[in-house]
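Chain residues, written in single-letter form:
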Amino acid sequence: MAAIDTPAIILLVLVALGIIGNNSTVTIAMLVLLLIRVLGWHQAFPWLQKYGLTIGIIILTIGVMTPLASGKISLDTILSSFLSWKSLAAIGIGLFVAYLGGRGTILMTNQPTVVAGLLIGTLIGVAFFKGVPVGPLIAAGLLSLLIGKS
């Protein structure tokens, strides 16, 4: 009798959650991981675990900074962001979220037991509440503030 491939079943459930929640990001990510697993490219998992987050952050940063690089955000727009209370609040919140992300990265590295809960919460948030999967870092940062460790 063949052994049950529990990780593959979990990935299939997450694919289903992505489809039910109409979230292509989760669906595609889980399908890619499932494909890697089914094709037996298990050597990719340690590499993805080590560098995937960094590569994702680089791609996310490129996406966020593209309006600046393309000229859609001018120097005048950047300078005027220091004159509006909404823009100043955005700067402050951006600083705080970046700080939380840094704490979250450290927490996820130092306390891997919390990673499963953070991932489940994030995937539910992405699948059913139209969130985006940057949640684990911020959630870990908030958790680090709550438990007092980074």
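Rules used in this analysis
- Residues numbered from 1 in each chain as written.
- Predicted model: local features only at pLDDT ≥ 70, side-chain atom pairs only at ≥ 80, totals over all residues.
- Heavy atoms only, no water.
- UniProt positions renumbered as here; feature names shortened; annotations may be inferred.
- Axes fitted to C-alpha atoms, helices over the stretch in contact; angles between N-to-C directions.
- Helix = DSSP H or I, 4+ residues; strand = E, 2+ residues; numbered from the N terminus.
- Parallel < 35°, antiparallel > 145°, perpendicular 65-115°, else oblique.
- Left-handed = near helix turned anticlockwise from the far one by under 90°.
- Contact = heavy atoms within 4.5 Å.
- Nonpolar A, V, L, I, M, F, W, Y, C, P; charged D, E, K, R; others polar.
- Core = buried A, V, L, I, M, F, W, Y, C linked by side-chain atoms within 4.5 Å.
- Buried < 20%, exposed > 50% of the residue type's maximum accessible area, 1.4 Å probe, protein only.

- If you look the protein chain up in an unreviewed UniProt entry, it shows as UPF0756 membrane protein ACFSGI_12715 from Paenibacillus nicotianae.
- In the Subcellular location (unreviewed entry) part of its UniProt record, the protein chain is described as follows: "Cell membrane".
- UniProt lists a comment for the protein chain under the heading Sequence similarities (unreviewed entry), and it reads "Belongs to the UPF0756 family."

## Things to note about the packing of helix H1 (residues 6-20) against helix H2 (residues 24-38)
Next, step 1: Direction vectors running N to C along H1 and H2 enclose 160°, while the axes themselves pass 8 Å from each other. Taken together, the axis directions place H1 and H2 in an arrangement best described as roughly antiparallel. Here the hand of the crossing between H1 and H2 comes out left-handed. Residues Pro7, Ala8, Leu11, Leu12, Leu14, Val15, Gly18 and Ile19 of H1 form the contact with H2, whose own contacting residues are Val26, Thr27, Met30, Leu31, Leu33, Leu34 and Arg37.
Next, step 2: Within the contact of H1 with H2, the residues separate by chemical class into twelve nonpolar, two polar and one charged.

## Looking at the nonpolar core
Next, step 1: Ala8, Leu11, Leu14, Val15, Val26, Met30, Leu34, Leu123 and Val126 form the largest nonpolar core, which has nine residues in total.
Next, step 2: Contributions of two or more residues to this core are made by H1, H2 and helix H6 (115-129).
Next, step 3: In terms of residues, this core owes the most to one element, H1, which gives four residues.
Next, step 4: Sequence-distant contacts of leucine 123, defined by excluding residues within four places in its chain, comprise Leu14, Val26 and Met30.
Next, step 5: Formed by seven residues, the second largest nonpolar core is a distinct cluster that contains Leu107, Met108, Val114 and Val115.

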